[in-house]
Amino acid sequence: LPAFRDSKLFIKDLHFDEVPVRIYCPTAPSARKRRGVLFIHGGCGMFGSIRSFERICRYLARKSDSVVVSVGYRLSPEYTYPDQTLDCLTATLHFLRTADTHGVDPNRIIVCGDSAGGTFATSICQELVNRQDIPKIRAQVLIYPFLQTLNFDLPSYQKNAFTAFLTRERLVHFILKYLKKDCSMLPALLAGSHVPESMNLKYKKWIHPDLIPGAFKVGYKPPSPSSFLTQVHEETKELFEIRFSPLLAEDAIVCCLPDTCIITCEHDVLRDDGLLYKKRLEDNNVKVTWYYLEKSFHG
């Protein structure tokens with residue numbers, strides 16, 4: 001939707017260091033500086049826009065009485081990875097530094113994102129944990145985030161392999177298209193042939209079906225072992241970067257993250273990404289609020 005007049009909001013388009021943003025500010029007077037919400041839309045890094053998330057951002061601003069900043073990051077394939085994350089990071093830094101000029105308390109800013117936007121939000125919070133020159137992000141809100149590419153056979157991937165909108169195969173297809181890779185590698189990624197055994201062993205403490213609560217594993221069947229394909233691994237190394245798979249971040253980073261809200265859906269291949277990250281955060285004494293939406297699906 002285009003921006004249009006809202007009696008309860010003042011809406012304006014700006015650029016934060018050349019990154020387009022749309023700001024939604026409540027018109028009612030406030031006794032103190034408001035909270036700030038930096039919203040990063042989903043869409044696999046290839047779809048979505050400020051305009052397509054207009055209604056959601058207006059709702060967030062009105063209901064939370066917060067200043068919402070919606071980020072219009074550049075999309076793939078016209079702009080290659082990691083331009084999307086870098087745009088979101090640039091906008092976040094600008095907002096943290098200039099919060100006062102927008103009537104926002106710089107110590108009460110959260111970063112929020114859905115799906116791939118949740119990936120970008122997670123990555124930003126991890127990248128900024130040790131920065132001393134800017135205010136700390138108060139919290140992160142992750143709505144069914146995409147967080148890892150090691151295992152596409154977790155219980156939620158099996159259970160929801162053919163669920164409407166985001167099937168297991170379509171997700172991996174989107175990943176390859178986003179990175180501008182040959183989509184003929186899709187079967188190899190689905191089988192896990194892109195991951196060397198040494199990497200599986202290293203990260204099984206964080207990404208493994210045994211870490212998923214039993215209530216979410218009904219009907220799960222361990223997959224058959226797959227052969228490692230060196231060429232596929234070499235051509236998809238971006239998948240193992242922390243920026244792309246935030247679940248691979250070390251505990252030294254995770255333990256410093258802000259308070260977190262994670263939202264997961266019952267009928268969603270990405271459900272277990274959220275569950276695994278919830279466990280990691282809790283194991284590192286980060287305060288987590290978790291909402292599980294039954295009978296809901298991705299998008």
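Position numbers for residues start from 1 in each chain and track the written sequence from start to end. Per-residue local features of the predicted model are confined to residues with pLDDT of at least 70, and side-chain atom pairs are confined, for both listing and counting, to 80 or more; whole-chain, interface and lining totals are unaffected and use all residues. Only hydrogens and water are removed before side-chain values are computed, so all heavy atoms of the structure are retained for them.

Visitor: Looking at this structure, I do not really get the overall build of the protein chain. What am I missing?
Guide: A tally of helices and strands in the protein chain yields ten helices and eight strands. Each radius of gyration is computed over the set of C-alpha atoms, and the globule rule expresses the reference value as 2.2 Å times the number of residues to the power 0.38. A compact globule built from 299 residues should have a C-alpha radius of gyration of about 19 Å, and the protein chain, at 19 Å, falls within 12% of that. In terms of its C-alpha atoms, the protein chain occupies a principal-axis envelope of roughly 60 × 40 × 40 Å. Whether a residue is buried, partly exposed or exposed follows from its accessible area with a 1.4 Å probe, protein chains only, as a fraction of its type maximum: under 20%, in between, or over 50%, in that order. A burial count over the protein chain gives 55% of its 299 residues as buried. Residue contacts follow a heavy-atom distance rule, with two residues in contact if any of their heavy atoms lie within 4.5 Å. Put simply, 77% of the contacts in the protein chain that link residues at least 6 apart link residues at least 24 apart. Total accessible area on the protein chain is roughly 13900 Å²; 54% of this is exposed by carbon and sulfur atoms. Segments assigned H or I by DSSP are reported as helices when at least four residues long, segments assigned E as strands when at least two residues long, and all are numbered from the N terminus. Note on areas: Shrake-Rupley with a 1.4 Å probe; residue coverage comes only from the protein chains shown.

Visitor: Please explain the pairing of strand β7 (residues 259-267) as it appears in this structure.
Guide: Put simply, side chains in a regular strand alternate between the two faces of the sheet. With seven of nine residues buried, β7 is to be regarded as a mostly interior element. Here seven bridges tie β7 to strand β8 (residues 288-297), and the two strands are oriented parallel to one another. Counted as the bridge partner of His267 is Phe297 from β8. The parallel pair β7 and β8 is bridged by helix α10 (residues 271-283), and the resulting crossover is right-handed. A pair of strands is labelled paired if DSSP reports no fewer than 2 bridges between them. Crossovers are described as right-handed under a simple rule: with the strands pointing away from the observer, the path leading from the first strand over the helix to the second runs clockwise.

Visitor: Before we go on, may I ask you to explain the UniProt feature "domain: Alpha/beta hydrolase fold-3" (unreviewed entry) in the protein chain in this structure?
Guide: UniProt positions are given in the numbering used here, feature names are shortened, and annotations may be inferred rather than shown by experiment. Cross-referencing UniProt, the feature "domain: Alpha/beta hydrolase fold-3" (unreviewed entry) maps to residues 37-181 and 236-299 in the present numbering. End C-alpha atoms of residues 236-299 are separated by 26 Å, and the span's content is 27% helix alongside 30% strand.

Visitor: Would you mind showing me how to read the sheet that holds β7 here?
Guide: Backbone hydrogen bonds hold the strands of a sheet together, and the pairing may be parallel or antiparallel. With mixed pairing, the eight strands of this open sheet are ordered in space as β1-β2-β4-β3-β5-β6-β7-β8. Strand pairing shows two members of the sheet lacking a second neighbour, β1 (9-16) and β8, which therefore form its edges. Strand-to-strand twist in this sheet, taken as the mean axis angle between neighbours without regard to direction, amounts to 20°. Judged from the five bridges that link them, strand β6 (residues 139-143) and β7 form a sheet pairing that is parallel. Each bridged residue has a counterpart across the sheet, and for Ala139 the counterpart in β7 is Asp259. Helix axes are fitted only over the stretch in contact, all axes being lines through C-alpha atoms; the angle between N-to-C directions runs from 0 to 180 degrees. In this fold helix α1 (residues 54-64) packs onto β1, β2 (19-26), β3 (34-40) and β4 (67-71), with an angle of close to 40° to the strand it touches most, β2. Across the sheet, helix α2 (residues 83-98) lies against β1, β2, β3, β4 and β5 (104-114), angled at about 170° from β3, the strand it touches most.

Visitor: How should the pattern of salt bridges be read in this particular structure?
Guide: Think of it this way: side chains of opposite charge can pair up when their charged atoms draw near. Salt bridges are defined as contacts in which a side-chain nitrogen from Lys or Arg sits within 4 Å of a carboxyl oxygen from Asp or Glu. If you walk through the whole model with that rule in mind, you get 21 salt bridges. Between Lys217 and Asp210 there is a salt bridge, and its shortest N-O distance comes to 3.9 Å. The salt bridge partner of Lys278 is Glu282, with a shortest N-O separation of 3.3 Å. With a gap of four residues between them, Lys278 and Glu282 both fall in helix α10, about one helical turn apart.

Visitor: For this particular structure, what's the right way to read the side chain of His233?
Guide: Relative to the helices and strands, His233 resides in helix α8 (residues 230-235). We define a polar contact as two N or O atoms separated by no more than 3.5 Å, with the added condition that, inside protein, one atom must be a possible hydrogen donor and the other a possible acceptor, whereas residues neighbouring each other in sequence contribute only through side-chain atom pairs. In terms of polar contacts, His233 uses its side chain to reach the backbone carbonyl oxygen of His194, at 2.9 Å. Leaving out residues up to four positions away in the same chain, His233 has contacts with His194, Pro196, Met199, Phe228 and Phe240.

Visitor: Help me out: how do you make sense of the packing of aromatic side chains in this one?
Guide: Ring geometry is summarised as follows: Phe, Tyr and Trp rings, the Trp one being its six-membered ring, pair when their centres sit within 6.5 Å, and such pairs are stacked at plane angles under 30 degrees, edge-to-face over 60 and tilted between the two. In total, this model carries 13 aromatic pairs according to the counting rule given. Plain terms: the ring middles of Tyr81 and Phe244 are 5.4 Å apart, the flat faces sit at 80° to each other, and that makes the pair edge-to-face. Taken together, the residues span a long stretch of sequence, with Tyr81 in the loop between β4 and α2 and Phe244 in the loop between α8 and α9 (251-254) at a distance of 163 residues. Residues Tyr81 and Phe244 agree in their burial class; the two are buried.

Visitor: I keep staring at the side chain of Ser245 and nothing clicks. Help me out?
Guide: Topologically, Ser245 is positioned in the loop between α8 and α9. There is a polar contact of 3.0 Å between the side chain of Ser245 and the side chain of Thr149. Beyond its immediate sequence surroundings of up to four residues, Ser245 is in contact with Leu147, Gln148, Thr149 and Leu239.

Visitor: Could you clarify how one ought to interpret α2 in this entry?
Guide: Each full turn of the α-helix corresponds to 3.6 residues, which orients residues three or four apart in the same direction. In this model, α2 (16 residues) spans 22 Å end to end at C-alpha, consistent with the 22 Å of a helix rising 1.5 Å per residue. Counting buried positions along α2 yields 13 of 16 residues, so the element is predominantly enclosed. By this rule, a helix spans an expected 1.5 Å times one less than how many residues it contains.

Visitor: Mind showing me how you'd approach unusual backbone geometry here?
Guide: Most peptide bonds take the trans form, and the phi angle of most residues other than glycine is negative. Pro77 follows Ser76 through a cis peptide bond whose omega is 5°. Within the secondary structure, Pro77 sits in the loop between β4 and α2. Positive phi outside glycine occurs at Asp17, with the angle close to 50°. For Asp17, the location among the structural elements is in the loop between β1 and β2. A relative accessible area of 47% means that Asp17 is categorised as partly exposed.

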